[in-house]
Each structure stands twice: as structure tokens, then as C-alpha cells.
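# Reading the structure
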Amino acid sequence: MSYVDPSTGQHYPLTEARWRADNGHYLNLAPGPGLRRADIDASRHSIWRYARALRVDVAHAVSLGEGGTPLVAGDWGGAPVLYKLEFMMPTGSFKDRGMTVMISYLKSRGIDRVLEDSSGNAGASLSAYAAAAGMQCRILVPETASYPKIAQIAACGADVVTIKGSRQDVAEAALRQSAETFYASHNWQPLFVEGIKTLAYELWEQLGFTVPNNVVVPLGYGSNILGVDTGFAELQRRGEITRRPRLFGVQAARCAPFAAAFDAGADGLVPTEVTPTIAEGIATVRPTRVAEVLRAVRETGGAIVAVEEAEIVEALRDLAGRGLYVEPTSAVAAAGLSRLLLSGAILPHHRTVLVLTGSGLKASATIGELLKLAPRTA
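First things first, this report covers the structure right here in the doc. (Residues numbered from 1 in each chain as written. Predicted model: local features only at pLDDT ≥ 70, side-chain atom pairs only at ≥ 80, totals over all residues. Heavy atoms only, no water.)

### What about the overall build of the protein?
Where we set the bar: A helix here means a DSSP run of H or I that spans at least four residues, while a strand means a run of E at least two residues long, and both kinds are numbered starting from the N terminus. Our radius of gyration is a C-alpha quantity, and the globule rule it is checked against amounts to 2.2 Å times the number of residues to the power 0.38. Each residue's exposure class comes from its accessible area (1.4 Å probe, protein chains only) as a fraction of the maximum for that residue type: buried when under 20%, exposed when over 50%, partly exposed otherwise. Here a residue-residue contact requires only that any non-hydrogen atoms of the pair lie within 4.5 Å. Areas reported as accessible are Shrake-Rupley estimates using a 1.4 Å probe. Residue values count occlusion only from the protein chains shown. Under the counting rule used here, the positive set is Lys and Arg, the negative set is Asp and Glu, and His together with the chain ends is not counted. In plain terms, the charge of a residue is placed at NZ if it is Lys, CZ if Arg, CG if Asp and CD if Glu.
When its secondary structure is counted, the protein shows 12 helices and 13 strands. Relative to the 2.2 N^0.38 estimate, which gives 21 Å for 378 residues, the radius of gyration of the protein is 19 Å and therefore close to what a compact globule would have. Structurally, the protein occupies a C-alpha span of about 55 × 50 × 45 Å along its principal axes. The buried share among the 378 residues of the protein stands at 57%. When contacts within the protein are restricted to residue pairs at least 6 apart in sequence, long-range pairs at least 24 apart make up 70% of them. For the protein, the computed accessible surface area is about 15300 Å², with 51% contributed by carbon and sulfur atoms. Mean positive and mean negative side-chain charge positions of the protein (37 and 37 charges, respectively) differ by 3 Å.

Next up, the structure:
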């Protein structure tokens, strides 16, 4: 029950809330206890039904009923697919799955003020769970952040502060302020991934305690890849499953550092050109746990692919035509699945889960412009 600095092997006790090692490196968690079918608490209708496998006492749970998202059978590109509707969370994104565990942990360690840099789903989720926990919350956002996103964050009582400059300038401002307020960055604090791993448990339970062949997710910082891999690995260690599914991460070609590293056979970032993309939720230039994400994909026999803007728009339109109204970032995964099916990397007879991470309600103005939507006059 400890933090581990992967750069040195040093352990830190979980009794002390921290978000990085003394040397400034990010931290992971030591391997967890895993889960057995008998450990599931069927009386709970949230991710806390898997509390026996989480490194936070359920007595400290700060929950808004997250988890239990639908797994809907459909088709994509002429092949059967299972849509995992993670956008049907309390704040409209998969982030709630990790945030409930991270905030519960921080509250149990006496943290009452938190700080994050985000203009989107993470900020909205953190502000909601901080409110539920009775914590003060400050979110730093770029001065270019859209008002609807700021409104969702501020509505829960967060102190929203705009920062001039680039997205990196916002992150650096948060690092400076972390000397005074706990930096509850979901990209640094590993208890966030601890919550995301319940996606693997949930898929396993929804599929009758079996696993799919493939899981396809949008890829920014990589918390879904890491969480799903962690969860399935724990199930495998407990003897509940015999194999892990192949993991596929999809990036926007305009900002695809993981895809570049994967294609180069590298274990770290390689030089790559970055330009603005409509998939702003995964426009991550310098992700944190690069080696871990690449290793998870390679060890499971998966891949990382990058898709063009036009492909994202086409997938966005096709998903909406199926009643699945998601933000452009989520549509990236569907565009990637199209490529993977065409290349033969994923076959039609495979059981494939497509994870849809964020609600289109967060980006309706953008979606309207991208799809050129307007009512017709009578």
C-alpha cells in the first residue's frame, strides 16, 4: 500500500497525500490486491461496488453515483461493436470514474483545498467532486477557454482563474501555486488511475465475467489505457481471467506524440509536429506516463494510431446518426476503429469495445459548426 517512484524505485506511504516524488518525478501505485467475483458488493450501484480492490476505504467514499455506464451492442464499419457510454457520468465524462477515488483519498488524508489546471472535463469533474466533499477548489484555465466550459466548472463553486499564454503556461502557473494548495492533477496523482481501473472491472462484469478481444479509446495523457490495463492485469493475477484484451489508443494526427513514439519503436517521446485540433480534450503535447502507456499497448498486442481531422468529423456525424451524441474527442476513437478495421488489425469477428468518453453537450456549438447544422424554415 504505497506510492512508487518508477525512476528510483523509492516507496512513499499512502498515509501522506502527495502528487509527485521528492525528486519531482511522477508516482505510480504499487500493485493492488485485485478483485474476485465474490468481492463485488452488489448493493452498491457505483464504482464503489468494487471497493475491495481500491486503495481507499469505502467509508471515505465521495460518490455521485458514477460508473455503471451502459454497454450497448451495435455495429461500426460493418463489424459488431460494443459501445461503452462513459459520457453518461454525473459530469458528462469518464473523468468521474477516477475523480471519485482521488477526491475520496485526498479527503481521507485531510486535504481540504485542491488545485488543478484544466479548461474541460477534468476541471468540471474535479469541481463537482470537490463540492460534494466540501473542499475548496481552484481551477486555472487558459484565457482562451470557452465560456460554456468555464460555466460548468464554476457552477459547482470552484474559483476559476484565467491565465495568459499557452496551455503549458497554465500548467506552469499551477505548479507554482502548488506550494500553497494541493495540486490535485489527475495527470499526476495516481489515485485517479486507481479509479479508472474500475472500467476494466465493469466491462468484465457486464460481459458475464469474460473479457473482450479489443478495447479502443481516445488517447491524450493515457489514463484510460493505464486504468484498463491495470484492472485487467489485477483480474488476471487473481485468476479471474486468463488473458488481457488488446488495447488500442487513438490520437488526432495534429497532436499525436504517443503515435509517433509507437511508430518509432521508442519508449519515450520523439520529435513531432503539433498543430491545433478539434479533439482538444486529447491535445496533449507532453504526456506524463509515456513509458507505461506504450508498454501497456505493446504488451497486450495493441497499437496506437492517429487520425485526420476529416476522419474525426465523419465519425462524429456517424455516431450522432446512431444516437450517440459525443464530443469530437470521443469521435477520435471511432475514427481510429475505422482504420483498424480497414487495416485488418481488428477483425469483424472480434468482440471489440469502443469507449466513448465525453458528452456532446459539452461542445454543441463546435459540433454544430463542424457538421454544418441548422434548422430548416417551414
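### Considerations on the packing of aromatic side chains
The criterion, for reference: Within 6.5 Å between ring centres, the rings of Phe, Tyr and Trp (the latter by its six-membered ring) count as paired, and their orientation is classed by plane angle as stacked under 30 degrees, edge-to-face over 60, tilted in between.
Counting across every chain of the model gives five aromatic pairs. Put simply, the rings of Trp19, Tyr183 and Trp188 pair up and form one aromatic cluster.

### Thoughts on the layout of surface pockets
It is the rolling of a water-molecule-sized probe over the atoms that shows where space remains empty. Applicable threshold: Grid points spaced at 1 Å over the protein atoms alone were grouped into cavities, where a 1.4 Å probe fits but cannot get out, and pockets, open sets with protein on both sides within 12 Å along at least five of seven lines, with lining residues defined by an atom within 4 Å of a point. Grid points are joined across faces, edges and corners, and a volume is the space filled by probe spheres set on the points. Gly is put with the polar residues, along with every residue not named as nonpolar or charged; the nonpolar set is Ala, Val, Leu, Ile, Met, Phe, Trp, Tyr, Cys and Pro, and the charged set is Asp, Glu, Lys and Arg.
Computed from the structure, the second largest pocket encloses a volume of approximately 530 Å³. At the level of elements, strand E3 (28-29), helix H5 (191-196), helix H7 (223-237) and helix H9 (290-299) are the ones that each hand at least two residues to the lining of the second largest pocket. Of all the elements, H7 adds the most residues to the lining of the second largest pocket, at six residues. Residue composition of the lining of the second largest pocket, grouped by class: 10 nonpolar, three polar and nine charged.

### Concerning the pairing of strand E10 (residues 214-218)
Using the following cut-off: Two strands are counted as paired when DSSP detects at least two bridges linking them. Whether a crossover is right-handed comes down to one check: with the strands pointing away from the viewer, does the path from the first strand over the helix to the second run clockwise; if it does, it is right-handed.
Burial analysis of E10 places five of its five residues in the buried class, which makes it a mostly covered element. The two faces of E10 match: Asn214, Val216 and Pro218 on one face and Val215 and Val217 on the other face are all buried. Bridge count for E10 against strand E11 (residues 246-252) is five bridges, and the pairing is parallel. Its bridge partner being in E11, Pro218 is matched across the sheet by Val250. Once the chain exits E10 it traverses H7 before rejoining the sheet at E11, and the crossover so formed is right-handed.

### Quick word on unusual backbone geometry
At Phe209, a residue that is not glycine, the phi angle is positive and equals roughly 60°. Mapped onto the elements, Phe209 comes out in the loop between helix H6 (198-206) and E10. The backbone of Lys372 shows a phi angle near 55°, a positive value even though the residue is not glycine.

### Considerations on the side chain of Lys149
Within the element layout of this structure, Lys149 appears in helix H3 (residues 147-155). In this structure Lys149 comes out as buried when scored by relative accessible area, which is 18%. Other than its neighbours up to four places away in sequence, Lys149 contacts Ser119, Gly120 and Glu280.

### Thoughts on the side chain of Ser104
Basically, it comes down to this: What qualifies as a polar contact is a pair of N or O atoms within 3.5 Å, subject to a donor-acceptor requirement within protein and to the restriction that residues adjacent in sequence count only when both atoms come from side chains.
By the element assignment, Ser104 lies in helix H1 (residues 95-108). Ser104 sits in the buried class, given a relative accessible area of 0%. From its side chain, Ser104 meets the backbone oxygen of Thr100 in a polar contact 2.5 Å long. Leaving out residues up to four positions away in the same chain, Ser104 has contacts with Trp48, Val56, His60, Ala61, Val62 and Met99.

### Considerations on the pairing of E11
Within E11, six of the seven residues are buried, which leaves the element mostly enclosed by the surrounding structure. Here E11 pairs with strand E12 (residues 303-307) via five bridges, running parallel. Considered in E12, the bridge of Phe248 is made with Ala303.

### Focus on the pattern of salt bridges
Short version of the rule: Basic side-chain nitrogens of Lys or Arg form a salt bridge, by our definition, when they fall within 4 Å of a carboxyl oxygen of Asp or Glu.
Tallied over the entire structure, the rule returns 20 salt bridges. A salt bridge links Asp22 to Arg18; the nearest nitrogen and oxygen atoms lie 3.1 Å apart. Assessed through its relative accessible area of 61%, Asp22 is described here as exposed. What makes Arg18 buried here is its relative accessible area of 11%. When the shortest N-O distance is used, the salt bridge between Lys197 and Glu194 registers 3.1 Å.

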